[in-house]
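# Structural characterization, general
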Amino acid sequence: MFRHFLHGIYAAGDTIDMITLLDYGAGNVRSVINAIEKLGEGVSIVQTSGDILAAEKLVFPGVGSFGNMIRILHQKGYMAPLSDYLNSGRPFLGICLGMQALFEKSEEAPGLKGLGILKGCVRRFNIKRSVPHIGWNGVNIKQASPIFTGLNGNEKFYFVHSYYVDAADPSVALTTTDYEIEFVSSVQTGNIIATQFHPEKSGTSGLRLFENFVSGNRETTLPASISTETTLAKRIIACLDVRSNDQGDLVVTKGDQYDVREDGNVRNLGKPVELAGRYYEEGADEITFLNITGFRDFPLEDMPMLHVLRETSKTVFVPLTIGGGIRDYTDKNGKTYTALEVAAEYFRSGADKISIGSDAVLIVEAYLKTGQKTGKSAIEKISEVYGNQAVVISIDPRRVYVRSPDQVSHTVVPTDIPGPKGETYCWFQCTIKGGREGRDLDAVTLARTCEELGAGEILLNCIDRDGTNAGFDIELINAVKQAVSIPVIASSGAGSAAHFLEVFEKTGAEAALAAGIFHRKEVPISNVKAYLNGNVEIRPTP
Ligand code: 1PR
């Protein structure tokens, strides 16, 4: 067994409560390791099936798709040892797919059997609301548990999934959560506890839950507050546009309509890891890093964003998205990488989601030309391996005004903001390479097609609004939101807390992202949340 890190000094005779982590190599388990290590515990990673059998406390964070997970568990010979471990009565914590694996089967991979420790099936959400269910939602507590110690019951936890467990025996439900339907969001039977949500991504509440598991606390607690219905919160996301300045330092920068230079120099608004830490403390529900010069061909191992992710994920326990440069490319030394390899490196370094910008435009253009899915595009490949919830499409559109809708073959919308010649219609033109190149494709078609190819979320920027403090482009957001059934993150233009309320009241966006007002400390995240509180469901600032 490979001991990852060991904190603390142990006197002879001390029993070292080692946590064993089952990582089958399909996603970000770094955050789970970081969360356990933050609690001062050692983590050992399973290398052989014998390690599972020898474990004292096993944590199984499942990431990706059910089918991929079960196939790898079979290939590695882990299915039988896992069943033996689960039947042994020793403590087990399953997370996300690690919970779904306990059931008999999943609609995600018909024909493949799960562990069958619990009776029931994993089903896909068949609802009107956006799928995946992404974000912070609450739990209705159904039974007392040792993992609730120190929690008051009205905390929100981070969910990201398209499938939920339909347990045949309702008595195993530890909590349920509401998202159009009420589903089982965690289970408990004997020493087996498993959650659909991600404690390692759920800030201090999630860490508390981990601590209760890791400490071996056996005392069952029923929190003071028992809700009967939960609501998904609108997310407030802090975005860090990152690039090297002319001195070669990696800095957080910020553009005005994508122009990040002032007096010829790249604006420097701080250091990426430090700023991300600040936003976590201030209550950001997610943090997004965009490597805005990712279209340049760096050798992958030199990508400075890998270091940023590794360091950030040690102290920031909310979801991290990374964008910029996710595509197939050949570096300056002639070495070729696939987008999947680039994404894999980011996930290993601590990213929960990757975001694809320029390449998504080129993929959609190619697909629309032939009408044939190749299965080989970055969107298809990465969503196949890591699940569609891990694939965000970052769109950089710019308004193009027209006199009438039939003037172009794009999705045209009427606008209340007339163009320079009084035009009352516009379409939203996709750009690539950070707005440097406009393409003959509109943002609505791009978003819809990316969903069809397997994307799980849209990050909708707006070049016209970026850095202007003029508010979000409501017409753009509505046009895209109405075309897709995956979550949409509204971005660009936030200048006040009132702009966040406006975007949530006037559009169906699930999240709103801002950069400039947070970097310049004009409006702290906590003020945005205080302003929204009472009007819009939010995750309270910790
Ligand atoms: O094309 O896959 O390599 O990804 C590059 C990524 O970098 C894309 O997601 C693209 O949006 C981003 N990007 C490229 N150039 C710039 C630039 O600013 N010159 N930044 C850039 C995009 C937009 C948002 C910004 C919001 C909120 N910046 O990230 O944070 O507009 O800003 P505000 O609140 O201050 O208005 P690829």
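The paragraphs below set out a description of the structure included in this document. None of these values were measured; they are calculated from a predicted model. (Residues numbered from 1 in each chain as written. Predicted model: local features only at pLDDT ≥ 70, side-chain atom pairs only at ≥ 80, totals over all residues. Heavy atoms only, no water.)

## Re the site of the ligand
Near the ligand you find 24 residues, and of these Lys254, Ser358, Ser394, Asp396 and Ser492 are the closest. Within the side chain of Asp466, an N or O atom sits 2.6 Å from an oxygen atom of the ligand. Gly493 has a polar backbone atom sitting 2.9 Å from an oxygen atom of the ligand. The fraction of the free accessible surface of the ligand (760 Å²) that becomes covered by protein chains is 98%. Split by residue class, the shell around the ligand holds seven nonpolar, 13 polar and four charged. (Near = heavy atom within 4 Å. Polar contact = N/O pair within 3.5 Å; in protein donor to acceptor, adjacent residues only side chain to side chain. Areas by Shrake-Rupley, 256 points an atom, 1.4 Å probe, with all protein chains shown as cover. Nonpolar A, V, L, I, M, F, W, Y, C, P; charged D, E, K, R; others polar.)

## Examining the packing of aromatic side chains
Going through the model one piece at a time under the given rule, you end up with 14 aromatic pairs. Taking 6.0 Å as the distance between ring centres and 85° as the angle between the ring planes, the aromatic pair formed by Phe159 and Phe183 counts as edge-to-face. With Phe159 in strand S10 (residues 157–161) and Phe183 in strand S13 (residues 181–189), this pair connects stretches of sequence that are 24 residues apart. The class of Phe159 is buried, set by a relative accessible area of 0%. Judged by relative accessible area, which is 2%, Phe183 ranks as buried. Residues Phe472 and Phe500 carry aromatic rings whose centres are separated by 5.6 Å and whose planes lie at 75° to one another, so their mutual orientation is edge-to-face. Here Phe472, found in the loop between strand S29 (457–460) and helix H13 (474–481), pairs with Phe500, found in helix H14 (residues 497–506); they are 28 residues apart in sequence, far enough to count as distant. (Phe/Tyr/Trp six-rings, centres within 6.5 Å; stacked < 30°, edge-to-face > 60°. Helix = DSSP H or I, 4+ residues; strand = E, 2+ residues; numbered from the N terminus. Buried < 20%, exposed > 50% of the residue type's maximum accessible area, 1.4 Å probe, protein only.)

## A word on empty space enclosed by the protein
Going through the model one piece at a time under the given rule, you end up with one cavity of 30 Å³ or more. Quantified by volume, the largest cavity comes out at close to 70 Å³. Residue lining of the largest cavity: 15 residues in total, with Val139, Phe148, Leu151, Phe157 and Thr175 positioned closest to the centre. Taken together, the residues that form the lining of the largest cavity break down as 10 nonpolar, four polar and one charged. (1 Å grid on protein atoms, 1.4 Å probe; cavity = no way out; pocket = protein on both sides within 12 Å on 5 of 7 lines; lining within 4 Å. Points joined across faces, edges and corners; volume = space filled by probe spheres on them.)

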